Amino acid sequence: MDGNGRWAKAKGLPRSVGHKAGVTALRDTVMHCVKKEIATLTVYAFSRENWQRPSTEVDFLLGLFLTALDEEVDRLDDNNVHLGFIGDTAAFPDKLQQSIAAAENKTKNNDGLHLVVAVNYGGRWEISRICRELAEEVHTGGLQPDAITEMLIDSRIKNRFTRAPDLFIRTGGEQRISNFLLWQLAYSELYFTDLFWPDFNEQALDKALAWYAGRNRRFGRLCKQG
Ligand code: FPP
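Please read all numbers here as calculations on a predicted model, not as lab measurements. (Residues numbered from 1 in each chain as written. Predicted model: local features only at pLDDT ≥ 70, side-chain atom pairs only at ≥ 80, totals over all residues. Heavy atoms only, no water.)

**Student:** I'd like to hear about the site of the ligand, residue by residue, with values.
**Tutor:** In the vicinity of the ligand, 19 residues are found, and the nearest of them are D2, G5, R6, R15 and R53. The backbone of G3 places a nitrogen or oxygen atom 3.4 Å from an oxygen atom of the ligand. Within the backbone of R6, a nitrogen or oxygen atom sits 2.7 Å from an oxygen atom of the ligand. Protein chains bury 89% of the 630 Å² of accessible surface belonging to the ligand in isolation. Secondary-structure elements contributing two or more residues to the shell around the ligand are α1 (4-10), α2 (15-35) and α3 (55-78). Tallying contributions element by element places α2 first for the shell around the ligand, with five residues. (Near = heavy atom within 4 Å. Polar contact = N/O pair within 3.5 Å; in protein donor to acceptor, adjacent residues only side chain to side chain. Areas by Shrake-Rupley, 256 points an atom, 1.4 Å probe, with all protein chains shown as cover. Helix = DSSP H or I, 4+ residues; strand = E, 2+ residues; numbered from the N terminus.)

Quick look at the structure:
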């Protein structure tokens, strides 16, 4: 969800207004995904690198997450959305951690859209965490090194719903992955749009989905092999 700051700057507004508009765009996108019966939507809300922003912006963002979570959880629940978080949430203020846990708990039995919010997340962090976990198991004798396979690592990715996204969308004009779901994106289709995140809407998502529908996914095989 890139481009909140530039969206605000272009309008002569503070960056915080851009982030607030980003919440509205996220709400609309989530509801559109519900309508389209999309199985999983994973959004990158806060990277491990985002701590390096000025503390005023970091504090604003953490406050915004808390407000948005508290304001949106009932609507998400009413729409059968199952909310989950990936990333190191232990670094967040207690109040935010409690709201995250409460929202996950409240929506855990919903079987509609699985909305995964990546916060204090990084793809390299996630892979390193799994390496450490596996090394500890080898060290204590519970795991043989030759049992470390792609399938095992895949099964250790914390949230099984984020394992292999079909489509990756980056807004804001940059064409890079920026440490998002590095393992999981191996065969995803990558879509980039110049739209700033607050301008992303139903039509923009439909356009990305139409582009995706026209892709020929081969997963390393020839197309005739299906
Ligand atoms: C990137 O834009 C956006 C963020 C770092 C924050 C994303 C947060 C939201 C969209 C708010 C909603 C999220 C939740 C979970 C309620 P940027 O600040 O890097 O923009 P710039 O590249 O134009 O400066």
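**Student:** Tell me about the packing of aromatic side chains, residues and numbers included.
**Tutor:** With the rule as written, the count across this model stands at twelve aromatic pairs. Consider the rings of Y44 and F180, whose centres lie 4.6 Å apart with planes at 20°: the pair is stacked. Here Y44 is found in strand β1 (residues 40-47), whereas its partner F180 is found in the loop between β4 (167-170) and β5 (189-192), with 136 residues between them in sequence. The exposure class of F180 is buried, given its relative accessible area of 8%. Aromatic side chains F46 and F92 sit 6.2 Å apart centroid to centroid with 70° between the ring planes, which places their arrangement in the edge-to-face category. On the criterion of sequence distance, the pair formed by F46 in strand β1 and F92 in the loop between β2 (82-86) and α4 (94-107) is long-range, its members being 46 residues apart. The exposure class assigned to F46 is buried, which follows from its relative accessible area of 0%. For F92, a relative accessible area of 3% corresponds to the buried category. An aromatic cluster is present here, built from Y44, Y121, W125, F168, F180 and F192 joined pairwise through their rings. The residue whose ring lies beneath R129 is W125, and the NZ or CZ to ring-centre distance is 5.2 Å. (Phe/Tyr/Trp six-rings, centres within 6.5 Å; stacked < 30°, edge-to-face > 60°. Buried < 20%, exposed > 50% of the residue type's maximum accessible area, 1.4 Å probe, protein only. Lys NZ or Arg CZ within 6 Å of the ring centre and 35° of its normal.)

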